[in-house]
Amino acid sequence: MKKWCVISVVLLAVVMVLGLNGSAAAEETVVVKVGNISPLSGPAGPWGQTPIPAYDAFVELLNKENPKVGNKIVHFKLIHLDDQGTPEGGASAAKRLVYEEKVKFIVGHWSWNFPAVAAVTNPAKVILVARNGNESVPGGAYNPKKMPYVVFGTPSYEEWISDVKAIVAAYPNYKKFGIVDSTQGKGIGWDYADKELTASGIRFHHEWYPVGTQDYTPYISRFKEAGCDIIFGSGDVLAAMLILKQRWEMGYKDWVIGTSGAMLDPNMFINVSGYDASQGFIGQNAAPWHFKKTKINPKYIQMCEDVMKIVSEKQGKPYVYEGWMDWVPSHLLIVLQAMQKAGTVDDTDAIMKAIRGGTFDTPAGKYTMSGAKTYGSPIVFGTAAGICKIQGYKTVFLSENPWKPLP
Amino acid sequence: MPPAGIWIDGLAQSCIYVTMAFGMVLVFSILGILNWTHGQFFMLGSIIVYYAVTAWGIPFPIGILISGLLVAALGVLIKKGILDRVKGDLYVGVVTLALIFALEGAASMLFGMEDRGLAIVLPGVLDLGAFSISYQKVAVILFTLVVMTIMYVVLNYTKTGLAIRAAAQQPQAASLYGVSVQKLSLEVMAIGCALAAIAGCIVAPLYPINPFIGRTPMIMALLAIVIGGLGSLTGAIVGGLILGFLNSVIAYYVSYLSEVVLFALVILILLVRPQGLFGEPLK
């Protein structure tokens, strides 16, 4: 009897150990480091710093769901580095992420140093999820053969065109669109944008200004002489604030002014440009709960709403910035879903294969990667392309133009 | 012919450059150094008046006074604590360059990098029929006139002003007549920095305020004093006026090529008259 008791206990112990080991193998948690490079200092610093609390909160919520890749639970660890908005800063930050932190993915990239960052990430087979722009159109710096580990997770170029169409939809009786950008943005991308706008029947006039311009009176006069009554920029917030103010002072109070990119805080425009001048100012809207024409997964809408509440509570005041949702969260979900399709967390060749031409669901919407013909590789994701305007001291949703993929 | 708004804007721009350039020339005349940090004193002036008005509820004109005094004090501290301990014009120049980044970094840490505005000061537009001008721009023009008038009176009718002019022309002779050049250099540094801060204050309602707004005014002030003649106070005023109007008018005609044309014109002026319009002929 005593012998059978001992054998039973030993057998039970063996079964328990095997069972625990088995569960541990099925529930192994892998921490995947992901880099995020953006300007955290310098004039563009506020646009890099403001979304970080939201990114961190989103990653926390995502990790709480214990997403799985194969039989591994994946938790993401986001590492934020400052690129100072310069090519040298971008390359330096990318090298630190790739060679010291050993990341395999960098997401949310929007600085103007894409070529410098991509030159570091591609040879190391690190997937870079960025926005497109001048560098990505045919003839630009992007080369699908030399940069096989690049994904344009936010189609800034196409989004700008969609924004223009959304504005025209909101103001169908416009006379002429005034497009304004600094000479820093001058490039072949604008030729493609102009062609697209012309093909869409939109009347427009371009003006360029030197970087650092503060007096836009000459450019406003030129827009007036060209017959423009809507002025839309390509993301230079300082220029937008000054044009907003100076055209009001010049008497052109019925003009509509806007710029691409989400507003950090509408009160910033009110403080600089004046309350009356700021009313009706247009910016991008990325908050998924506004969209009607593009269907957004309710799960991601809820996550984004929860993030806004979490950050508001943490910082002790309302968190109003909504422009974070179609960057890191969208890019990270593309990476995660590609990992799940590929069945691996670190084989970037397999993950890129899953990304190219794949369909992904994010807070920006559900899209299939496109661009095979235009970019040489199907790596361009979509966006719901909505715009909002300042009304009072807040922003209200104005219009949207569902994004159409490029061939 | 450009519309009236372009000329008015050119005048407002000129006022900023005149005030900045005047302070720079004053410092150069006595200290013999080009203070590259001049733009950052402009920036600090804007930031201090912003907080004076919005956080402490101080009326804007008093805020300008406080800003000028505080930045003047900072300028004196920098002169005594740092610049006086560095030997050689090159090294002094390098130190003032380094101070650019130090002051911008400190301002970024203390005040944050986001854009702030003082559009609440003197809002509204004066409609003159053919054109309109904001009350803020009218204030810039009037205030510059007041500041330049005060400087004229100080330099021509006060003991300090006479001492400054004497030391600028003949420092050794001035010291023989009992002028303390060391004390004077501190006073001039204070006045120069205060002028930069005042320039920053008067434009604070016009433009966004952030730690990096001092760079462009510094470059334009430098151009103004080069056009006007290094060391010439009259030249600083004329140079500032020319630059402000040119900047506005050229941009109206050639848009983004304005900087190319403007700097090419500056080079042309210097080729024809290397000492600037009012400077001493070069030997």
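The rules behind the values
- The numbers attached to residues start from 1 for each chain and follow its sequence in the written order.
- The order in which chains are written sets their letters, starting at A; the order in which ligands are written sets their numbers, starting at 1.
- Residues qualify for local features only when their pLDDT is at least 70, as the model is predicted, and side-chain atom pairs are given and counted only at 80 or more; totals for whole chains, interfaces and linings, by contrast, use all residues.
- The helix count covers DSSP runs of H or I at least four residues long, the strand count covers runs of E at least two residues long, and both are numbered beginning at the N terminus.
- For this measure, only C-alpha atoms enter the radius of gyration; the expected value for a globule follows 2.2 Å times N^0.38, where N is the number of residues.
- Partly exposed residues are those whose C-beta has more than 12 but fewer than 20 other C-beta atoms within 10 Å; with 20 or more the residue is buried, with 12 or fewer it is exposed, and the C-beta atoms are placed from the backbone.
- By definition, residue pairs are in contact when their C-beta atoms, positioned from the backbone, come within 7 Å.
- An automatic or database domain assignment supplies the residue ranges for each domain.
- Only strands that DSSP links by at least two bridges are regarded as paired with each other.
- The axes used here are C-alpha line fits, helices contributing only the stretch in contact, and every angle between their N-to-C directions lies in the interval 0 to 180 degrees.
- Each residue gets one of three labels, nonpolar for Ala, Val, Leu, Ile, Met, Phe, Trp, Tyr, Cys and Pro, charged for Asp, Glu, Lys and Arg, and polar for the others, Gly among them.
- In this analysis, the expected span of each helix is defined as 1.5 Å times one less than the number of residues it contains.
- As a per-residue quantity, pLDDT reports the predictor's confidence and falls between 0 and 100.

## Topic: the overall build of chain B
Move 1: Per the secondary structure count, chain B includes 11 helices and 2 strands.
Move 2: The C-alpha radius of gyration of chain B comes to 19 Å, within 12% of the 19 Å expected for a compact globule of 283 residues.
Move 3: For chain B, the proportion of its 283 residues judged to be buried stands at 51%.
Move 4: Sequence separation of at least 24 residues holds for 74% of the intrachain contacts in chain B that already meet a minimum separation of 6.

## Side note on the domain arrangement of chain A
Move 1: Partitioning chain A into domains gives domain 1 (29-154 + 327-362) and domain 2 (158-290 + 389-400).
Move 2: Once you take the C-alpha centre of each, domain 1 of chain A and domain 2 of chain A turn out to be 29 Å apart.

## Some words on the sheet that holds strand β14 (residues 386-391) of chain A
Residue and element names in this part refer to chain A.
Move 1: An order of β8-β7-β9-β10-β11-β14-β15 is seen for the 7 strands of this open sheet, with the pairing classed as mixed. Bordering the open sheet on either side are β8 (204-209) and β15 (394-400), each of which pairs with just one other strand. The average undirected angle you get between the axes of adjacent strands in this sheet is 30 degrees.
Move 2: The pairing of β14 with β15 spans 6 bridges and is classified as antiparallel. Each residue of the ladder has a partner; that of Q391, found in β15, is K394.

## Comments concerning the interface of chain A and chain B
Move 1: Listed by partner, the interface residues are 30 residues for chain A and 29 residues for chain B.
Move 2: The set of elements that each furnish at least two residues to the side of chain A that touches chain B consists of α2 (45-49), β8, α8 (217-226), α9 (237-249) and α10 (266-273) of chain A.
Move 3: Each residue belonging to the side of chain A that touches chain B can be placed in one class, and the counts come to 14 nonpolar, 11 polar and 5 charged.

## Considerations on unusual backbone geometry
Residues and elements named next belong to chain A.
Move 1: Non-glycine residue K102 carries a positive phi angle of around 60 degrees.
Move 2: The phi angle at A385 is positive, at roughly 55 degrees, despite the residue not being glycine.
Move 3: For A385, the location among the structural elements is in the loop between α15 (372-375) and β14.

## Looking at α9(A)
Residue and element names in this part refer to chain A.
Move 1: When the terminal C-alpha atoms of α9 are compared, their 18 Å separation across 13 residues agrees well with the 18 Å that a helix rising 1.5 Å per residue should span.
Move 2: Of all the 13 residues making up α9, 13 are buried; the element is thus mostly covered by neighbouring parts of the structure.
Move 3: One or two residues past the end of α9 sits G251, with phi positive at roughly 100 degrees.

## Brief notes about the confidence of the model for chain B
All names here are of chain B.
Move 1: The predicted model of chain B has a mean per-residue pLDDT of 89, with 99% of residues at 70 or higher.
Move 2: The secondary structure element of chain B with the lowest average pLDDT is helix α7 (residues 171-176), at 72, and the one with the highest is helix α2 (residues 38-54), at 96.
Move 3: In the model output, the complex is listed with pTM 0.86 alongside ipTM 0.86.

## Remarks on the sheet that holds strand β6 (residues 150-154) of chain A
All names here are of chain A.
Move 1: Pairing is mixed in the open sheet, where 6 strands are placed in the order β2-β3-β1-β4-β5-β6. Each of the sheet's edge strands pairs with one partner strand only, and the pair in question is β2 (68-69) and β6.
Move 2: Looking at chain direction, strand β1 (residues 29-38) and strand β4 (residues 105-109) are connected through 2 bridges and run parallel. By the bridge assignment for β4, G35 is matched with I106.
Move 3: Packing against the sheet, helix α3 (residues 52-64) makes contact with β1 and β3 (72-82), and its axis sits at approximately 170 degrees to β3.

## A closer look at the environment of G89(A)
All names here are of chain A.
Move 1: Inspection of the secondary structure assignment puts G89 in helix α4 (residues 87-100).
Move 2: For the pair formed by G89 and A116, sequence separation is 27 residues and the distance between their alpha carbons is 8.9 Å.
Move 3: Those residues in contact with G89, other than ones at most four positions away along the chain, are D82, D83 and Q84.

## Focus: α3(A)
Residues and elements named next belong to chain A.
Move 1: With 13 residues, α3 extends 18 Å from end C-alpha to end C-alpha; this agrees with the ideal 18 Å at 1.5 Å per step.
Move 2: Of all the positions in α3, only A54, Y55, A57, F58 and V59 are classed as buried.
Move 3: Looking at the residues trailing α3, positive phi occurs at N66, about 50 degrees.

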